[in-house]
Amino acid sequence: MKGKKYKKSQSNVKNLYEKYFGIRKPYQIIVDAPFCIETLKIKVAPPEALTEVFGGVVKFMTTPCIQAELI
């Protein structure tokens, strides 16, 4: 019984974000230089980790100034 309530509440939260904030899949996330550096240090694969957190497909976005900072 508790498992069903949990799943139902999770889907309701996702629907609220989609309905009221216009956030929908695929989620587009702006990634900055410190985030990239830290993920390399701790050896975590960001796409898999963030897909699990957001519960959907994630697209990473950067800006030209972030790319210049990494070079």
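Predicted model only: the values in this text are computed from it and were never measured. (Residues numbered from 1 in each chain as written. Predicted model: local features only at pLDDT ≥ 70, side-chain atom pairs only at ≥ 80, totals over all residues. Heavy atoms only, no water.)

Counting secondary structure elements, the protein contains four helices and two strands. Secondary structure elements in the protein, listed N-terminal to C-terminal, are α-β-α-α-β-α. Looking at the 71 residues of the protein, the share that counts as buried comes to 14%. Pairs at least 24 apart in sequence give 71% of the contacts found in the protein among residues at least 6 apart. Element-wise, carbon and sulfur atoms account for 63% of the exposed surface of the protein, whose accessible area totals about 6,200 Å². (Helix = DSSP H or I, 4+ residues; strand = E, 2+ residues; numbered from the N terminus. Buried < 20%, exposed > 50% of the residue type's maximum accessible area, 1.4 Å probe, protein only. Contact = heavy atoms within 4.5 Å. Areas by Shrake-Rupley, 256 points an atom, 1.4 Å probe, with all protein chains shown as cover.)

As for its placement among the helices and strands, phenylalanine 35 is situated in helix 2 (residues 33-42). Put simply, phenylalanine 35 and proline 46 are eleven residues apart on the chain and 9.4 Å apart in space, counted from C-alpha to C-alpha. Setting aside residues up to four positions removed in sequence, phenylalanine 35 forms contacts with Pro46 and Leu50.

Before going further, it helps to examine unusual backbone geometry. Note the cis peptide between lysine 25 and proline 26, where omega equals -5°. With respect to the helices and strands, the residue proline 26 is situated in the loop between helix 1 (2-21) and strand 1 (27-30). One non-glycine residue, lysine 43, adopts positive backbone phi at about 55°. Note on placement: lysine 43 falls in the loop between helix 2 and helix 3 (46-54).

What follows concerns the pattern of salt bridges. One pass over the structure, following the stated rule, counts one salt bridge. Glutamate 38 is the salt-bridge partner of lysine 41, the closest N and O atoms lying 3.5 Å from each other. Note that lysine 41 and glutamate 38 are positioned in helix 2 at a spacing of three residues, about one turn of the helix. (Salt bridge = Lys/Arg side-chain N within 4 Å of Asp/Glu carboxyl O.)

On the surface, Leu16, Tyr17, Tyr20, Phe21 and Ile23 cluster together into a nonpolar patch covering about 580 Å² of accessible area. By the secondary structure assignment, tyrosine 17 is in helix 1. With relative accessibility at 45%, the residue tyrosine 17 sits in the partly exposed group. (Patch = residues over 30% accessible without salt bridge, like charges linked within 9 Å, V, L, I, M, F, W, Y side chains within 5 Å.)

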